[in-house]
Amino acid sequence: MINISENIQLKEILNTDSESLFMLMKEVYPAAYSHFWEDGGDWYVNTQYSKENILKELLEEKAQYYFVLFKNEIIGNFRIIWDRKLADFETKKSVKLHRVYLHSKTQGNGIGKKILNWLEIEAVKKQYELIWLDAMDEQPQAFEFYKKLGYQYHSHCFLDFDLLHDNVRKMSQLYKELI
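Residues numbered from 1 in each chain as written. Predicted model: local features only at pLDDT ≥ 70, side-chain atom pairs only at ≥ 80, totals over all residues. Heavy atoms only, no water.

Focus on the nonpolar core
Of all hydrophobic cores here, the largest spans 27 residues; its most connected members are Leu10, Phe78, Ile80, Leu97, Trp118, Leu119 and Tyr151. Among the secondary structure elements, those contributing two or more residues to this core are β2 (8-12), β3 (63-70), β4 (73-82), β5 (94-102), α4 (111-125) and β6 (130-136). No other element matches the six residues that α4 contributes to this core. In contact with Leu97, other than residues within four places in its own chain, are Phe78, Arg79, Ile80, Leu116, Leu119, Trp132, Leu133 and Tyr146. Residues Ile13, Leu24, Tyr65 and Leu69 belong to the second largest nonpolar core, which totals 23 residues. (Core = buried A, V, L, I, M, F, W, Y, C linked by side-chain atoms within 4.5 Å. Buried < 20%, exposed > 50% of the residue type's maximum accessible area, 1.4 Å probe, protein only. Helix = DSSP H or I, 4+ residues; strand = E, 2+ residues; numbered from the N terminus. Contact = heavy atoms within 4.5 Å.)

Remarks on the environment of Gln173
Assignment of secondary structure puts Gln173 in strand β8 (residues 170-177). Sequence separation between Gln173 and Tyr44 is 129 residues, and the spatial gap between their C-alpha atoms is 20 Å.

Some words on the environment of Gly41
Note on placement: Gly41 falls in the loop between α1 (18-33) and α2 (42-48). Between the C-alpha atom of Gly41 and that of Val68, which follows or precedes it by 27 residues, the distance is 21 Å. Residue contacts for Gly41: discarding those within four places in its chain leaves Tyr29 and Ser34.

Re the confidence of the model for the chain
Atomic detail in the predicted coordinates should be set aside for any region of low pLDDT. Taken over all residues, the pLDDT of the chain has a mean of 92, while the share at 70 or more is 100%. Looking across the chain, the model is least confident in helix α5 (residues 140-148), with a mean pLDDT of 85, and most confident in β2, with 97. (pLDDT = per-residue confidence, 0-100.)

What about the packing of aromatic side chains?
Under the counting rule described, the total for this entry stands at 17 aromatic pairs. Here the aromatic rings of Tyr29 and Tyr101 are separated by 5.7 Å at their centres, their planes lie at 75 degrees, and the arrangement is edge-to-face. You can see Tyr29 sitting in helix α1 and its partner Tyr101 sitting in strand β5, a full 72 residues away along the chain. There is no split in this pair, since Tyr29 and Tyr101 are both buried. Linked through ring pairs, Tyr29, Tyr33, Phe36, Trp37, Trp43, Tyr44, Tyr101 and Phe161 together constitute an aromatic cluster. Above the face of the Tyr65 ring, Arg79 is positioned so that its terminal group lies 5.5 Å from the ring centre. In this structure, Lys126 is placed above the aromatic ring of Trp82, and the distance from its NZ or CZ to the ring centre is 4.2 Å. (Phe/Tyr/Trp six-rings, centres within 6.5 Å; stacked < 30°, edge-to-face > 60°. Lys NZ or Arg CZ within 6 Å of the ring centre and 35° of its normal.)

Below, the structure is given as structure tokens:
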């Protein structure tokens, strides 16, 4: 268990946690993204959080996957991948923030900010120079959140998931230089 603050912890996700993670994301993901999908996001949750995919992601070298706890309750997940390069920054030692999903009932408590602050501190300790992530363009509150924390636009891509509505396919890559 990693203590981020008095009320916020990260608990490593293990092979035996795949069902708990799946059930959590069946609640958390649709609250934020169901309107992006023809099926309300079921396909995304069922594929990305299937037992097979979680086990595969847990085996990925240099990746760390955590449950986010707030006041001792699991309220989200957080996944990072060390040494994942961002195009045009290949010479920088980089870490990718792959996933951070928090339950809507906990928004406004500074949880996301504290987790990203912890990641920055850990990255600097390990002499990383850059943190980057992909963010959905159609989630303006997420963009504003990252912008306030010092992240900048780098580039964008378009997701090709069949059930995703066309107008929400754009994802931007954002980055923050650390040292």
